[in-house]
Every structure is written in structure tokens, then in C-alpha cells.
Amino acid sequence: MISIEEATKIVLDHSKSYGEEMVPLSEATGRILRQDIHADRDFPPFTRVTMDGIAIRYNAYANGLRKFLIEGMQAAGTPQRTLLNPEGCLEVMTGAILPENTDTVIRYEDVKIENGTARLQANGIQKGQNAHFRAFDRKEGERLIPAGAIISPAEVGVAATVGLPSLKVAKLPTVAIISTGDELVEVEQTPEPHQIRTSNVYTIASTLYRWGIRPDRLHIADDMDATKAKLSACLEQYDVLILSGGVSKGRFDYIPAALNALGVTKLLHKVKQRPGKPFWFGESPNGKIIFALPGNPVSAFMCAMRYLRPWLRKSMGLAPIDHSYAVLAEDFRFKPDLTYFLQVRTFVDPDTGRLMAVPAEGHGSGDLANLVDADAFLELPRGKDKFKKGKVFPLIPYR
Ligand code: AMP
Ligand code: MG
């Protein structure tokens, strides 16, 4: 049995790259950008009026002028006009290009317009006010977004404004999520008294949707030949197999033996952790990655969050772990020499602003209802049995 640190290293040392693809902007959210995005023009591309009002030459105001003859109108979306009389003004609208020979905008609220003139009603006019000057934010050619960014609505907006209807992103692996066990029936079915509905495949699939991965869901019966046949087909068809169940010591836990018979290399089996001790991880000769997670729902979910997610992040070119921490809110005891992934409910302490984690243990790794009452796992290290209130530990949030 190995430590979680060793297990993490083995998993991350086997990250993969699945290449790149173009996706339309409308489908890019959540994907990982694989190109730098540069400004195709200055930001803003022209000096933009930011208030409805009049545009003047500041010099005229500085020289004491308070009444400006209106020469005309500069609306948004019209080509740039030129102020002819240095003591005149043009009416300007938000989003319009600032007229040539003007440098300052006075909002309508601060002028009175009568008989074709605008009379100033306010003091303290500043040169350049209410104008967003060309290239003030970014210059043409400047890198706006580096490759490797997670595409959020902010990146989508920038890509649209520089004229990119599609983006180069990290290609996603094809994934099969496979349940095992003769006690399992489909969600639509009514279980017999000795049966349960499969939930793990849905939980795990749900952790992948965030990245845009749409896994296939499959099932394998507790039968060695069927297990081998199905796994063999999946190893051809998919980049990643995520199994749940069948990796413990039960007489029908065929997964490790079947994978071994198919030539898959076992990279790890059993980790000093609770839940999730029976976790198995391997790679096939043709480079397919296999996460064989324990069957218990809390274990499967925890392993998906703690091992599968960092592996995926690294495979897509992100830092594997986006470190989160929380303060243990109550004294806690855990005896076994295992890393304990304690289910917790978190809240922000209004006095300190710190994220607090309240133990919400539930009734073990089969208690999937408790996952709904908790919102994260707090990673309590091995080699201790008492954990003091106020201490900070790594947190794996899942909401
Ligand atoms: P196993 O590792 O196959 O011995 O399974 C451990 C426990 O997890 C058993 O109680 C199984 O019924 C349960 N289990 C296995 N697979 C699933 C699944 N897909 N959904 C819900 N529970 C499962
Ligand atoms: Mg089973």
C-alpha cells in the first residue's frame, strides 16, 4: 500500500496530451485555450466618447469660453467629423468616435442647449474627460490572453472583440465510465429488494461535464469472461476508462485480474487513505489510462476529485491542483494510519473572513446521501490521530 503523495505522483506522471482542435466561440466556455490571443487593433480602437453630451476643445474652455456654438452631431457608428470652429462644439453620443479637433466631452447634464448653442452649467471641466482614448487599455499586437487559460465568459468576450469566431483548444480525451456489479440496475428501473440503482457513473460523469467531456456510460456484469471482453473492446475505443467497483477483495472483484490478463500495467493498487483504499490505476500497452475506482459511492467520488481531476487538469495543460485550504472548525479524532478525507461543510467566518470546515462525517463510504449535506473533503494527514480546531488543511471542494 502506498501513500497519497506517492499515488498522486504516479497518477500525474502518467498524464497525456490529446492534441488540439478548433471549437466555435459559443462552445468554448470551460475549455483550455491552446493559442495566444492578440489585439487585432488598439483597445479601444478609436478614441471613444463615454457620455452623451458635447465635445469641445479644452483650450477654448481654459481661455474662459462658456458658450459653444453647436456645429452638428457625432452619433455612434458614424465616421469621424471635424470641429471646424475651435470655439464651437459637436453633440456626441456614447460609443461615437471623438470628433477631430476636440479632446473633451461635457455631459448633457452640465450644459443647457438653446438656439443652437450649448451653455456650460458646471465648473471644473478636466481636459480629456469622458473620452476613452485610443489604445489606452491595450495596444495593437499586444498579447491579451496566453495559451493555457481556462476559457470563461471574460475570455469569450475578448476573443469576439478581436474577431475570432472559433478558438484552438485542448482536445478532450474520449472517456468511458463503467459500472460493475450484478446488484446494479439502471436509473429508470425499479430495483428488486436485493438491487440498487447505479449512481457512481452519474456522479463521475458529472465531474467531467465541467471540462466539456461527454463520457459514455457502460456496465459490466460480475463475470470474468464478460469483464475481459468488454474491457478489451473499451481499451480499443476510448482514451480513458473510469471503472467503479470490483477492485477490492471480493470473490467477484474481477477488475484487476481482467486488466492484467489484457496486458494493462498496474501502476498502483491500494492507497493509505479513507475512503478510497482499493483505488487501482494503470496504463495499457497502447497508452490508454485506466482509473479503477472503488465501488462505494463516497470512495469513488473522492478518488475522482482527488486523482482523476488533477490528472485531467494536467493532461489539458493546467496546473494539476488548484490549491484550496480551510480551517478545521472543531477538534477531530481519527485513529487509523491513513490519510482521512473528512467530509465537511464549509462557511466563511464573518469575523475573520476565513473559510471554516465543519465535520459532516456521515456513515462511511456507502453513505452517498451525506455528500449532499457536505460540500467538500478536508484532507487530514496520516501519522496523527488528533486534529486541533483552528488548524488549516487542504480542501477539495465539490460545489
Ligand atoms: P465493490 O467495490 O464492487 O465491492 O462495491 C462496493 C460497494 O459499492 C457495493 O455496496 C456496491 O453495491 C456499491 N457500488 C458499486 N458500484 C456502484 C455504482 N455504480 N453505484 C452505486 N453503488 C455502487
Ligand atoms: Mg462489485
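A brief structural summary. (Residues numbered from 1 in each chain as written. Chains lettered and ligands numbered in written order. Predicted model: local features only at pLDDT ≥ 70, side-chain atom pairs only at ≥ 80, totals over all residues. Heavy atoms only, no water.)

Counting residues in each nonpolar core, the largest one holds 44 residues, and the members touching the most others are Ile 242, Phe 279, Phe 291, Leu 293, Tyr 307, Trp 311 and Phe 377. Per element, the largest residue contribution to this core is 11 residues, and it comes from helix α7 (residues 297–315). Setting aside chain neighbours within four positions, we find Tyr 307 in contact with Ile 4, Ala 7, Thr 8, Val 11, Val 271, Gln 273, Phe 279 and Phe 291. (Core = buried A, V, L, I, M, F, W, Y, C linked by side-chain atoms within 4.5 Å. Buried < 20%, exposed > 50% of the residue type's maximum accessible area, 1.4 Å probe, protein only. Helix = DSSP H or I, 4+ residues; strand = E, 2+ residues; numbered from the N terminus. Contact = heavy atoms within 4.5 Å.)

Moving on to the site of ligand 1. Around ligand 1, a shell composed of 15 residues is seen, among which Glu 183, Thr 198, Ser 199, Gly 246 and Gly 295 lie nearest. Within the backbone of Asn 296, a nitrogen or oxygen atom sits 3.2 Å from an oxygen atom of ligand 1. When ligand 1 is considered free in solution it has 490 Å² of accessible area, and contact with the protein chains removes 78% of it. Residues that form the shell around ligand 1 fall into these classes: 3 nonpolar, 10 polar and 2 charged. (Near = heavy atom within 4 Å. Polar contact = N/O pair within 3.5 Å; in protein donor to acceptor, adjacent residues only side chain to side chain. Areas by Shrake-Rupley, 256 points an atom, 1.4 Å probe, with all protein chains shown as cover. Nonpolar A, V, L, I, M, F, W, Y, C, P; charged D, E, K, R; others polar.)

It is worth spelling out a negative patch on the surface at this point. A cluster of acidic residues, Asp 182, Glu 183, Asp 223 and Asp 225, forms a negative patch on the protein surface. Inspection of the secondary structure assignment puts Asp 223 in the loop between β16 (216–220) and α5 (224–237). (Patch = residues over 30% accessible without salt bridge, like charges linked within 9 Å, V, L, I, M, F, W, Y side chains within 5 Å. Salt bridge = Lys/Arg side-chain N within 4 Å of Asp/Glu carboxyl O. Lys, Arg positive; Asp, Glu negative; His and termini not counted. Charge placed at Lys NZ, Arg CZ, Asp CG, Glu CD.)

Position of Thr 207 among the secondary structure elements: in helix α4 (residues 200–209). Given the relative accessible area of 19%, Thr 207 is considered buried. Here the side chain of Thr 207 touches Ile 204 through a polar contact of 2.6 Å, landing on its backbone oxygen. Residues contacting Thr 207, with those up to four places away along its chain left out, are Phe 301 and Met 305.

Our next topic: the packing of helix α1 (residues 4–13) against α7. The contact between α1 and α7 brings their axes to 9 Å, and the two run at 35°. Crossing hand, α1 versus α7: right-handed. Contacts between α1 and α7 involve Ile 4, Ala 7, Thr 8, Val 11 and Leu 12 on the former and, on the latter, Arg 306, Tyr 307, Pro 310, Trp 311 and Lys 314. Here the residues of the contact of α1 with α7 sort into 7 nonpolar, 1 polar and 2 charged. (Axes fitted to C-alpha atoms, helices over the stretch in contact; angles between N-to-C directions. Left-handed = near helix turned anticlockwise from the far one by under 90°.)

Moving on, we come to the pattern of salt bridges. Between side chains of opposite charge, a pair can form when the charged atoms approach closely. Overall, the coordinates contain 14 salt bridges when judged by the stated rule. Here Glu 142 ties to Arg 138 by a salt bridge, and the two come within 3.9 Å at their closest N and O atoms. Taking relative accessible area as the criterion, Glu 142 reaches 31% and is therefore assigned partly exposed. Three or more residues are tied together by salt bridges with common partners; here these are Arg 309, Arg 313 and Asp 322.

In this section: the packing of aromatic side chains. For the coordinates displayed, the defined rule picks out 14 aromatic pairs. Where Phe 301 meets Tyr 398, the ring centres are 4.8 Å apart and the plane angle is 75°; that geometry is what we call edge-to-face. Linking Phe 301 in helix α7 with Tyr 398 in the segment after β28 (392–397), this pair joins segments that are 97 residues apart in sequence. Looking at Phe 301, the relative accessible area reads 7%, which means it is buried. Tyr 398 gets classed as buried once you look at its relative accessible area, which sits at 18%. Their ring planes at 75° and their centres at 5.8 Å tell us that Phe 387 and Phe 393 sit as a pair that is edge-to-face. Residue Phe 393 is classed as buried on the basis of its relative accessible area of 7%. Within the aromatic cluster, the residues linked to one another by ring pairs are Tyr 18, Phe 279, Phe 281, Phe 291, Tyr 307 and Trp 311. Over the aromatic face of Trp 211 sits the side chain of Arg 210, whose NZ or CZ is 4.1 Å from the ring centroid. (Phe/Tyr/Trp six-rings, centres within 6.5 Å; stacked < 30°, edge-to-face > 60°. Lys NZ or Arg CZ within 6 Å of the ring centre and 35° of its normal.)

Between α4 and α7, the least distance of the axes is 10 Å, while the angle of their chain directions is 25°. In terms of orientation, α4 and α7 fall into the roughly parallel class. The handedness of the crossing between α4 and α7 is right-handed. For the pair α4 and α7, contact is made by Asn 200, Thr 203, Ile 204, Thr 207 and Leu 208 and by Pro 297, Ala 300, Phe 301, Ala 304, Met 305, Leu 308 and Leu 312, respectively. Residue composition of the contact of α4 with α7, by class: 9 nonpolar, 3 polar and no charged. (Parallel < 35°, antiparallel > 145°, perpendicular 65-115°, else oblique.)

With that settled, consider the sheet that holds strand β9 (residues 117–120). Reading across the sheet, the 6 strands line up as β7-β4-β6-β5-β9-β8 and stay open at both edges, with mixed pairing between neighbours. Strand pairing shows two members of the sheet lacking a second neighbour, β7 (104–107) and β8 (111–114), which therefore form its edges. The average angle at which neighbouring strand axes cross in this sheet is 40°, direction not considered. Sheet topology places β8 next to β9; 4 bridges connect them, and they run antiparallel. Bridging from a neighbouring strand, Ile 113 pairs with Ala 118 of β9. (Pairing = 2+ DSSP bridges.)

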